[in-house]
Amino acid sequence: MLVYRTFKELRKFLDQKTSEGLSVGFVATMGALHHGHVSLVEKSNQECDITVVSIFVNPTQFNAAEDLEKYPRTEKEDLAMLKASGTHVVIMPSVEEVYPPDLVTPEVDLKGLDVLMEGEFRPGHFAGVVQVVGRFFDQIEPNRAYFGEKDFQQLLVIQEMAQVLNSPVEVVGCDILRENSGLAMSSRNLRLSQKAIENATIVIEQLNWIKDNFQGESVEYLKSQVANAFHKKPDFELEYLEIVTAHDLKPVQKYEPNSRAFMAAIVEGVRLIDNISIS
Ligand code: PAF
């Protein structure tokens, strides 16, 4: 496995490989890797000749300085995990490499996909995601890029960005990986105590309950029942629960096919997000 710190070195390697007709898959990460990331690498390896993984904790997508500071950094373990997963190349650029002073970032109209949910509670977050992913797409020029559906809103935002910018990159969504308890795998889980990890199953339990009851009940009723369930767990704060159409994230009031439920909850100062198809 090759590890590069600059886009120039990476470009030289990729130019050679693409001139041989090889295809490139890309997995963007901020490190603190888990099996969810490995599953993206495996999918890329199945579909592309070369898999490039980026590890870069992107400062422009954090709206709270404290969250950026606390973001887990586990470089040694990440590289070992990527090597074992069959990753071909890792790019670990510095902030200066990603954001040189003369960088021009195009404005992207995300058609309201960035307004609700994560967009509302983390202002500026998606502008930062679009900026960094756009920069990596420009530098790596992958054929396909793989993103997990745990960040489903992010996936739609990146697909929209690729379309607006006329990017040739195919943006592929991949299933959420879960612990045996049902908790969605996330780098942030590393910051939770054992007790919080056990109790965090409330998130997927409530999402599954919504899925089971969606057809017969109003969204207002579903939301109030979930709020009640969270009141019984005082360690958890329900930040939002939204039920929206899966393609454009517009809120629905009653059963509609192709809907999705999204939730964010805070425990021990850590935000947990999850979502589920409830069609
Ligand atoms: O999902 C993430 O880890 C990040 O938002 C991403 C896509 C790597 C951009 O920094």
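Residues numbered from 1 in each chain as written. Predicted model: local features only at pLDDT ≥ 70, side-chain atom pairs only at ≥ 80, totals over all residues. Heavy atoms only, no water.

(A) Expanded view of the site of the ligand. The immediate surroundings of the ligand are formed by Ala28, Thr29, Met30, Asn58, Gln61, Val132, Phe147, Asp151 and Gln154. Take glutamine 61: an N or O atom from its side chain is 2.6 Å from an oxygen atom of the ligand. Glutamine 154 is positioned with one of its side-chain polar atoms (N or O) 2.7 Å from an oxygen atom of the ligand. Across the complex, the protein chains shield 88% of the 290 Å² of accessible surface that the ligand would expose by itself. (Near = heavy atom within 4 Å. Polar contact = N/O pair within 3.5 Å; in protein donor to acceptor, adjacent residues only side chain to side chain. Areas by Shrake-Rupley, 256 points an atom, 1.4 Å probe, with all protein chains shown as cover.)

(B) Region of the structure containing the sheet that holds strand β7 (residues 236-245). Taken in spatial order, the three strands make up an open sheet running β7-β8-β9, and their pairing is antiparallel. Looking at strand neighbours, the two that pair on one side only are β7 and β9 (270-277), the edges of this open sheet. Adjacent strand axes in the sheet meet at a mean angle of 15°, parallel and antiparallel pairs treated alike. Taken together, the nine bridges between β7 and strand β8 (residues 259-267) define a ladder with antiparallel strand orientation. Bridge pairing in β8 places threonine 245 opposite serine 259. Docked against the sheet, helix α11 (residues 219-231) engages β7 and β8, running at close to 160° with respect to β7. (Pairing = 2+ DSSP bridges. Helix = DSSP H or I, 4+ residues; strand = E, 2+ residues; numbered from the N terminus. Axes fitted to C-alpha atoms, helices over the stretch in contact; angles between N-to-C directions. Contact = heavy atoms within 4.5 Å.)

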